[in-house]
Amino acid sequence: MDDLTFKTAVSLKGHDTKRRYVIVSTVNEDFVLAADGKYRKLDNPKLKRLKHLRIDGDSGLNEKSITDEKLKECLKKSNL
């Protein structure tokens, strides 16, 4: 499994369908923790099953520079 940390993703299933996230950590081979900086902040990321996400690409963020504001800005830019 590739390292998915700080990749952007789109939810494909659930009540959050089509919502964009940044993966903040990998739990195991099936689950990741994802945040969007608005509804799901870094202090309370969403547990998502990988098969319910479409991985889009690199967010350009790293562990030192990540904040809720930067998450929102990154997702706004990648949504264009």
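Parameters at a glance
Residues numbered from 1 in each chain as written. Predicted model: local features only at pLDDT ≥ 70, side-chain atom pairs only at ≥ 80, totals over all residues. Heavy atoms only, no water. Pairing = 2+ DSSP bridges. Helix = DSSP H or I, 4+ residues; strand = E, 2+ residues; numbered from the N terminus. Axes fitted to C-alpha atoms, helices over the stretch in contact; angles between N-to-C directions. Core = buried A, V, L, I, M, F, W, Y, C linked by side-chain atoms within 4.5 Å. Buried < 20%, exposed > 50% of the residue type's maximum accessible area, 1.4 Å probe, protein only. Contact = heavy atoms within 4.5 Å.

Student: So what's going on with the sheet that holds strand β2 (residues 20-26)? Residues and values would help.
Tutor: Strands sit in the order β4-β3-β2-β1-β5 across an open sheet of five strands; the sheet is antiparallel. The outermost strands of the open sheet, each flanked by one partner alone, are β4 (46-49) and β5 (53-58). The mean inter-strand angle of the sheet, taken between neighbouring strand axes irrespective of direction, is 45°. Judged from the three bridges that link them, strand β1 (residues 7-11) and β2 form a sheet pairing that is antiparallel. By the bridge assignment, alanine 9 is partnered in β2 with tyrosine 21.

Student: Explain the nonpolar core residue by residue, including any values.
Tutor: Grouped together as the largest cluster of nonpolar side chains are nine residues: Phe6, Val22, Val24, Ala35, Leu61, Ile66, Leu71, Cys74 and Leu75. Where this core is concerned, the elements lending two or more residues are β2 and α1 (68-78). The leading source of residues in this core is α1, at three residues. With near-sequence residues (within four places) excluded, alanine 35 lies in contact with Tyr21, Val22, Val24, Arg40, Lys41, Leu42, Pro45, Leu71 and Leu75. Listed in part, the six residues of the second largest apolar core include Leu4, Val32, Leu50 and Leu53.

Student: How would you explain the environment of leucine 47 if you had to name every residue and give the values?
Tutor: Inspection of the secondary structure puts leucine 47 in strand β4. In this structure leucine 47 touches Val27, Phe31, Val32 and Leu33, once residues within four positions along its chain are discounted.

Student: Explain the pairing of β2 residue by residue, including any values.
Tutor: Most of β2 is tucked away: five of the seven residues are buried. Taken together, β2 and the strand that follows it, strand β3 (residues 31-35), pair antiparallel across an intervening segment of four residues.

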